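Single-letter residue listing:
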Amino acid sequence: MKSLIRKCPKCHTYTLEERCPKCGSETYMAVPPRYSPVDRFKKYRIEELKGEMDGENSCD
């Protein structure tokens, strides 16, 4: 089953549209990846989250 909820990366608004109704940017699916005990991409996701927390990937 596919989720319909989408999220805007710029203004963090949840919507059902392909484009954000507030800022007009492209939205993405807001569904988290499935959990797997053998996660090959764990270190890449952690690095990305650390970068976001440090403000490297800021959209403002």
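Bear in mind that the values here come from a model prediction, so they are computed numbers and not experimental data.

Caption draft 1: How the structure looks around the overall build of the protein chain. Along the protein chain, the regular secondary structure elements total one helix and three strands. Its helices and strands in sequence order give the protein chain the pattern β-β-β-α, from N to C terminus. Contacts in the protein chain between residues at least 24 apart in sequence constitute 16% of all its contacts with a sequence separation of at least 6. Surface summary for the protein chain: the accessible area is close to 5,700 Å², and the carbon and sulfur share equals 55%.

Caption draft 2: Representation of the pattern of salt bridges. If you walk through the whole model with that rule in mind, you get three salt bridges. Between Arg 45 and Asp 39 there is a salt bridge whose closest N-O contact spans 2.6 Å. For Asp 39, a relative accessible area of 28% puts it in the partly exposed group.

Caption draft 3: Structural detail: the side chain of Thr 13. Looking at the secondary structure, you find Thr 13 in the loop between β1 (6–7) and β2 (14–15). Overall, the relative accessible area of 14% leaves Thr 13 in the buried class. Discounting residues that sit within four places of it in the chain, Thr 13 has contacts with Arg 6, Lys 7, Cys 8, Cys 20 and Lys 22.

Caption draft 4: Examining the environment of Lys 22 more closely. Relative to the helices and strands, Lys 22 resides in the loop between β2 and β3 (28–29). Spatially, the C-alpha atoms of Lys 22 and Cys 11 are 7.8 Å apart, while their sequence positions differ by 11 residues.

Definitions and cut-offs
- Residues numbered from 1 in each chain as written.
- Predicted model: local features only at pLDDT ≥ 70, side-chain atom pairs only at ≥ 80, totals over all residues.
- Heavy atoms only, no water.
- Helix = DSSP H or I, 4+ residues; strand = E, 2+ residues; numbered from the N terminus.
- Contact = heavy atoms within 4.5 Å.
- Areas by Shrake-Rupley, 256 points an atom, 1.4 Å probe, with all protein chains shown as cover.
- Salt bridge = Lys/Arg side-chain N within 4 Å of Asp/Glu carboxyl O.
- Buried < 20%, exposed > 50% of the residue type's maximum accessible area, 1.4 Å probe, protein only.

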